[in-house]
Amino acid sequence: MTKIYLITGFLGSGKTSFLQNVLDSEEAKSGVLMNEFGSISIDSSVVSRKDMDMIELTNGSIFCSCLKDNFIESLRALLEKKLDNIYIESSGLADPANMLAIIDLLKKQCSNDFSYEGAICIVDGLHFMKEIDMMVSVENQIKHSKIILINKMDLISSKTADEIKARIRSINDKALIYEITHGKIDFESLKFSSVINDQIGETSNTTENKPKTIIMKLKDNNIELEEIIKVLNTLKEFCYRIKGFVTVNDITYKIDTVNEKLDVIEYESKGLDDMTLVFISKIGVGIVSKILASTKETLKDKIEIIS
């Protein structure tokens with residue numbers, strides 16, 4: 001029987017790192033369904049394992065009517081492969097309130113045996129107290145989880161951790177809470193069966209409130225990394241997240257900005273689309289004019305904007 005797990009958590013909480021750690025530590029035959037709000041997937045370039053089945057669903061939330069049918073069909077396709085486990089990594093802005101309703105639909109449409117084990121929510125210990133009041137989807141990620149992992153424990157005090165736990169328990173007093181660092185935990189130690197969370201709700205993800213996502217492609221790598229960093233530092237306050245890859249002087253860098261924190265790390269390029277940045281906007285289509293203004297002096301003729 002195939003076990004299905006849902007991985008949720010706000011942008012930058014560490015979902016992809018957690019998933020990669022799980023895949024690296026297991027020997028089971030597993031598949032991954034990766035969901036991103038943008039029209040291209042960045043995180044799927046990062047997650048890898050030999051002979052792993054992966055399906056990407058982009059340009060919306062899997063819980064929204066715009067992708068729900070594709071979500072169910074993709075799960076059916078993975079179940080046909082008789083896998084041991086299926087891991088679903090939802091977008092950081094996803095609201096999984098209707099996940100159990102989707103599972104009920106899947107059961108009616110699929111003859112393969114499977115068990116939905118439940119949702120794991122990765123919490124960003126460094127920013128959770130600010131994020132929890134930002135969107136209803138963040139609260140619903142907590143509310144509809146069986147397991148909650150407070151990540152980045154190495155960056156917060158025990159007092160902050162206690163405050164986070166208290167806030168989590170005020171939303172969901174059934175979930176098991178674990179403390180982790182760098183997305184690492186023994187997955188087998190997570191006791192899904194000891195938690196009952198059968199709440200079914202309505203997702204807040206709709207086509208009307210989907211955040212605007214913009215793609216910026218750099219036309220060549222004859223640019224300085226400092227120029228890109230300067231632009232991103234100007235734009236980060238207007239975005240929920242900026243992520244992607246750029247190659248400068250034959251070195252590929254992974255770019256990741258969330259909560260106005262910019263990380264630029266060298267990354268081994270493996271056929272990546274390594275001149276692309278994705279912007280998830282807080283200000284709708286207004287982000288386009290911000291990008292054009294910030295790149296006017298240094299990158300004017302070196303970028304292409306795709307909405």
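Above this text you will find the structure in question.
The sections below set out a description of the structure shown in this document. The structure presented is a predicted model; accordingly, all values stated were derived computationally and were not measured.

**Concerning the environment of His182**
By the secondary structure assignment, His182 is in the loop between β7 (176–179) and β8 (213–218). For His182 and Gly14, which are 168 residues apart along the polypeptide, the C-alpha to C-alpha distance reads 7.4 Å.

**Quick look at the nonpolar core**
Grouped together as the largest cluster of nonpolar side chains are 25 residues, with contacts concentrated most on Phe71, Ile88 and Leu106. Mapped by element, the contributors of at least two residues to this core are β1 (2–8), α3 (68–79), β4 (85–89), α4 (99–109) and β5 (114–124). Setting aside chain neighbours within four positions, we find Ile88 in contact with Ile4, Tyr5, Leu6, Ile7, Leu33, Ile62, Phe71, Leu75 and Met99.

**Concerning helix α7 (residues 158–171)**
Along an α-helix, residues three or four positions apart point the same way, because every turn accommodates 3.6 residues. Under the 1.5 Å per step criterion, the end-to-end length of α7 is 20 Å for 14 residues, consistent within 8% with the ideal 20 Å. Within α7 the residues assigned to the buried category are Ala161, Ile164, Lys165, Ile168 and Ile171. Seen end-on, α7 carries its buried residues on one side only, within an arc spanning 120°. Residues of α7 that are exposed and point over 90 degrees away from its buried face: Lys159 and Ser170.

**Some words on the packing of aromatic side chains**
Centre-to-centre distance and the angle between the planes together describe a pair of aromatic rings. In the structure shown here, the tally under the stated rule is eight aromatic pairs. A ring pair is formed by Tyr5 and Phe187, whose centres lie 5.0 Å apart and whose planes are at 75°; its orientation type is edge-to-face. Of this pair, Tyr5 sits in strand β1 while Phe187 sits in the loop between β7 and β8, and the two are 182 residues apart along the sequence. Residue Tyr5 is classed as buried on the basis of its relative accessible area of 6%. Residue Phe187 is classed as buried on the basis of its relative accessible area of 8%. By way of ring pairs, the aromatic residues Tyr5, Phe18, Tyr87, Phe187 and Phe192 are connected into one cluster.

**Quick notes on the sheet that holds β5**
Ordered by their spatial adjacency, seven strands build an open sheet running β3-β2-β4-β1-β5-β6-β7, and the pairing between neighbours is parallel. Taken across any chain shown, the strands that pair with only one partner, and hence form the sheet edges, are β3 (53–58) and β7. On average, each strand axis in the sheet is tilted by 20° relative to the strand beside it, whichever way the strands run. Pairing geometry for strand β2 (residues 30–36) and β4, over five bridges, is parallel. Directly across from Val32, in β4, lies its bridge partner Tyr87. Running over the sheet, α7 touches β5, β6 (147–151) and β7 and is turned about 160° from β7.

Each value, and the rule that gives it
- Residues numbered from 1 in each chain as written.
- Predicted model: local features only at pLDDT ≥ 70, side-chain atom pairs only at ≥ 80, totals over all residues.
- Heavy atoms only, no water.
- Helix = DSSP H or I, 4+ residues; strand = E, 2+ residues; numbered from the N terminus.
- Core = buried A, V, L, I, M, F, W, Y, C linked by side-chain atoms within 4.5 Å.
- Buried < 20%, exposed > 50% of the residue type's maximum accessible area, 1.4 Å probe, protein only.
- Contact = heavy atoms within 4.5 Å.
- Expected span 1.5 Å × (residues − 1).
- Arc of directions from axis to C-beta.
- Phe/Tyr/Trp six-rings, centres within 6.5 Å; stacked < 30°, edge-to-face > 60°.
- Pairing = 2+ DSSP bridges.
- Axes fitted to C-alpha atoms, helices over the stretch in contact; angles between N-to-C directions.

Honestly, that's just the spatial picture; any functional story needs more than this.
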